[in-house]
Amino acid sequence: MLNELCQLCGTSGDEKNVRDYIINQIKDCCEYTVDPLGSVIALKKGRKVPAKKVMLCAHMDEVGFIITDIDDDGYLKFAPVGGIDSKVVCDRVVTVNSVKGVIGLKPVHLLSDDEKNKSPDFKSLRIDIGAGSKEIAEKYVSLGDYAYFSSDYYTFGDGYIKSKALDDRIGCMLMIELIKSDLEYDTYFCFNVQEEVGLRGAACTSYTVQSDISVVLEATTAGDLCGVTGGDRVCVLGNGPVISFMDGRTIYDKELYNLAMNTAKENNIPVQTKTAIAGGNDAGAIQTRGKGSRVIAISLACRYIHSPSSVVKSSDIDSARAFLNVFLPKLYD
């Protein structure tokens, strides 16, 4: 399922393919609606009605690009949709309306000394789809069309997975699995749109559901790379799901954080926390909408996030599944 989810294209504002796939997976297992912005709000009935309303969230959208202009030579100008470092896009293969293209920039031997010492900005990059003129390019591409990383999904090494869109199709997969399972209590599941451009979908779904407790399933930046040591590693692949106490958008509920850590310890499930206050996720919108909600994030450590070659470890996914099975029942009392 993760392979299928990651290969779908669905950047912020263009999540239809992902939404259709998810609905097809869950339609016979729950009640669901699609809100005006495009998020899916599902209610999975359990054996009991809980005293507290619990909501799980993951976002459907991935980072990508949007076409802003076509020059006279047929090259496509574009802008990022979501937080993408321009250094990771040079020479990458992308697809626009199923047409293959390559992100190109000025050759190194033509760069000025100043340009050589700086990362390229998106204004200097172009997508080359092999069109010889603007008129030819316009037969295949229109302004406002989306472009996506073209990236194979594969496993390698000791249980590692490489793909685009692991952020946050992992969270979507885990929620689909839970919806398909037997649950003790009624639980809401929100597959949110437009997280990568400002947590917009979550702001709407959380207002609709008005949950008491919200669990955000995410991917988060790992720093366990060569030459990175100590707290700068932030979180590490293979050490289990990441339970955050704070990030750039949210101070997480302390009681839920402690409950999560204690539950993992009691059940011998590896978990870790982040050693940096950075980034953010849908919790930042959920926490302060409507009457407010207590929030906790359970994330998968991910190397090279927001790139076509994001990497996670399968053992962390297994640990996240095991953790959710013992942690979620404790939230309803």
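Residues numbered from 1 in each chain as written. Predicted model: local features only at pLDDT ≥ 70, side-chain atom pairs only at ≥ 80, totals over all residues. Heavy atoms only, no water.

Q: I would appreciate a short explanation of the environment of Ala 203 in the present structure.
A: Inspection of the secondary structure assignment puts Ala 203 in helix 6 (residues 200-209). For Ala 203, a relative accessible area of 15% corresponds to the buried category. Those residues in contact with Ala 203 that sit more than four places away from it in its chain are Ala 285 and Arg 289. (Helix = DSSP H or I, 4+ residues; strand = E, 2+ residues; numbered from the N terminus. Buried < 20%, exposed > 50% of the residue type's maximum accessible area, 1.4 Å probe, protein only. Contact = heavy atoms within 4.5 Å.)

Q: Would you take a moment to explain the sheet that holds strand 1 (residues 31-34) for this structure?
A: Backbone-to-backbone hydrogen bonds pair the strands of a sheet. The strands run either parallel or antiparallel. Across the sheet, which stays open at both edges, the 7 strands sit in the order 1-2-12-3-13-15-14 with mixed pairing between neighbours. Looking along the sheet, the strands with just one partner apiece sit at the ends: strand 1 and strand 14 (242-243). Judged from the 4 bridges that link them, strand 1 and strand 2 (residues 40-44) form a sheet pairing that is antiparallel. Residue pairing in the sheet places Glu 31 in a bridge with Leu 43 of strand 2. In the packing of helix 7 (residues 254-266) onto the sheet, the strands contacted are strand 13 (213-221), strand 14 and strand 15 (294-302), and the crossing angle to strand 15 comes to about 50°. Contacting strand 13, strand 14 and strand 15, helix 9 (residues 314-327) crosses the sheet at an angle of about 160° to strand 15. (Pairing = 2+ DSSP bridges. Axes fitted to C-alpha atoms, helices over the stretch in contact; angles between N-to-C directions.)

Q: Honestly, the packing of helix 2 (residues 16-26) against helix 5 (residues 166-180) in this entry has me stumped. Any pointers?
A: Each packed pair of helices is defined by two parameters, the angle between the axes and the distance between the axes. Running from amino to carboxyl end, helix 2 crosses helix 5 at an angle of 20°, the nearest separation of the two axes being 10 Å. Accordingly, the angle class assigned to the pair helix 2 and helix 5 is roughly parallel. At the point where helix 2 passes helix 5, the crossing takes the right-handed sense. Residues Val 18, Ile 22, Gln 25 and Ile 26 of helix 2 touch helix 5, and the partners they reach there are Arg 169, Cys 172, Ile 176, Ile 179 and Lys 180. Tallied by class, residues from the contact of helix 2 with helix 5 come to 6 nonpolar, 1 polar and 2 charged. (Parallel < 35°, antiparallel > 145°, perpendicular 65-115°, else oblique. Left-handed = near helix turned anticlockwise from the far one by under 90°. Nonpolar A, V, L, I, M, F, W, Y, C, P; charged D, E, K, R; others polar.)

Q: I keep staring at the packing of helix 5 against helix 9 and nothing clicks. Help me out?
A: The geometry of helix 5 relative to helix 9 is characterised by a closest axis approach of 11 Å and an angle of 45° between their N-to-C directions. By the criterion of interaxial angle, the relationship of helix 5 to helix 9 is oblique. Along this stretch, helix 5 crosses helix 9, giving a crossing that reads as right-handed. In this structure, helix 5 uses Ile 170, Met 173, Leu 174, Glu 177 and Leu 178 to contact helix 9, whose residues at the interface are Ile 317, Ala 320, Arg 321, Leu 324 and Asn 325. For the contact of helix 5 with helix 9, the residue count by class is 7 nonpolar, 1 polar and 2 charged.

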